[in-house]
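# Per-entry structural report
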Amino acid sequence: MDEDFQEAVLNIVKQIPEGKVTTYGEIAKEITGSVRAVGQAVAKNPYPLIIPCHRVVRSNGDVGGYSLGVDKKIRLLRAEGIEIKGRKVVNFEKILFKKSQFQIKMAIREKKGEKELLRFVTDRMLGKLSTWLRILGHDTVYAAEVKSKSVEGDEDEDKALVAFAEHEARILLTRDKNLASSARKRGVQCVQIKTDDAMEQLKELLRHNININLEPVPARCSECNARIRKVEEWEEDILKDKSYVPTDMVGKWDFWVCVRCGRIYWEGGHWRNMRERLKLLK
Ligand SMILES: [Zn+2]
């Protein structure tokens, strides 16, 4: 299947608010694909609970299929306040999330040259988790960075976070129940984190199928979220300007540099230590 097509489909699925459903047909109208192709793209959703594909049903109101089983789909929909009789959604027309309500958010992503389906924004309580997610290569914006970007005069950080997540089609990670519920009402996908320890929080995300590479390779700057790239031999001079770099290891170890802020990373004891901690998650 065409990856761009699947991404386009799942980007629409991400927008369906709790308490609403849409149909394969509505999505097909928006992205000019066949209903069958949309069905296949939805069925291949790699993150069934975070990208809420259980909210996509057939155009006659029948709940349709689900990768985790139809019973589970019905249970999830009922838990979100949707009434189902037999296999049919009651008041189907009333709770239909229509094509005209979809927003095409892909333009923003393309501009940034990012091709990731799951991108995050975290609340103030989740600074450490944000650092870990970045180390693991996930595009993650931390609350403190959102505030400075938000429109001047916007004092309410919660509101700014939800608006930012909505605008960039990011998954909101939060410890705050109220924030989670106000995000969900706006159609922002959200994972409410239950624990305080960053390692436990990563475990919670593992349960949501979020890919956590237990052999991390340097991919993203933990300071600023930009990509990092390997320092080539001919440019090792840039390492000598930085006081914190162990220059005696230049030429022996691999070094990486953040393309935005210039921070240097290397595979030393720090990296090994992280790898050990991640192994404990297994
Ligand atoms: Zn950086």
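Please refer to the structure placed before this passage.
In what follows, the accompanying structure is described. Please read all numbers here as calculations on a predicted model, not as lab measurements.

### Comments concerning the sheet that holds strand β5 (residues 120-122)
As summarised here, the arrangement of the four strands in space is β6-β5-β7-β8, forming an open sheet in which the pairing is parallel. In this open sheet, the two strands that pair with only one neighbour each are β6 (140-142) and β8 (190-192). Ignoring strand direction, the axes of neighbouring strands in this sheet form an average angle of 20°. Sheet contacts for helix α6 (residues 127-135): β5, β6 and β7 (171-174); angle to β6, the most-contacted strand, approximately 155°.

### Let's talk about the nonpolar core
In this structure, Val121, Leu161, Ala165, Leu172, Leu173 and Ala183 are the most contacted members of the largest nonpolar core, which totals 30 residues. Setting aside residues up to four positions removed in sequence, Ala183 forms contacts with Val162, Ala165, Leu172, Val188 and Cys190. Ile12, Ala28, Val63 and Leu77 belong to the second-largest nonpolar core, a separate cluster that totals 21 residues.

### Examining the packing of helix α1 (residues 3-13) against helix α2 (residues 24-31)
For the pair α1 and α2, the least separation of the axes is 10 Å and the interaxial angle reads 125°. It follows from the interaxial angle that α1 and α2 lie oblique. Where α1 crosses over α2, the two elements pack in a sense that is right-handed. Along its contact with α1, which presents Ala8, Val9 and Ile12, the element α2 presents Ile27, Glu30 and Ile31.

### Looking at unusual backbone geometry
Even without glycine at this site, Asn91 takes up a positive phi of about 55°. As for its placement among the helices and strands, Asn91 is situated in the loop between β4 (88-89) and α5 (106-112). A positive phi is found at Ala169, a non-glycine position, where the angle reads about 50°. Topologically, Ala169 is positioned in the loop between α8 (157-168) and β7.

### A short note on helix α9 (residues 177-185)
Leu179, Ala180 and Ala183 are the residues of α9 that are buried. Seen from one end, α9 has its buried residues packed into an arc of 100°, which puts them on one side. For α9, the exposed residues lying more than 90 degrees away from the buried face are Lys177, Asn178, Ser181 and Lys185. Where α9 is buried, its residues contact α8, β7 and β8.

### As for the environment of Glu223
Along the chain, Glu223 turns up in the loop between α10 (198-207) and β9 (228-230). Note on Glu223: 14 C-beta atoms within 10 Å, which makes it partly exposed. Measuring from C-alpha to C-alpha, the distance between Glu223 and Cys261 comes to 8.3 Å, with 38 residues separating the pair along the chain. Those residues in contact with Glu223 that lie beyond four places of it in its chain are Cys261 and Arg263.

Each value, and the rule that gives it
- Residues numbered from 1 in each chain as written.
- Predicted model: local features only at pLDDT ≥ 70, side-chain atom pairs only at ≥ 80, totals over all residues.
- Pairing = 2+ DSSP bridges.
- Helix = DSSP H or I, 4+ residues; strand = E, 2+ residues; numbered from the N terminus.
- Axes fitted to C-alpha atoms, helices over the stretch in contact; angles between N-to-C directions.
- Contact = placed C-beta atoms within 7 Å.
- Core = buried A, V, L, I, M, F, W, Y, C linked by C-beta atoms within 7 Å.
- Buried ≥ 20, exposed ≤ 12 C-beta atoms within 10 Å, placed from the backbone.
- Parallel < 35°, antiparallel > 145°, perpendicular 65-115°, else oblique.
- Left-handed = near helix turned anticlockwise from the far one by under 90°.
- Arc of directions from axis to C-beta.

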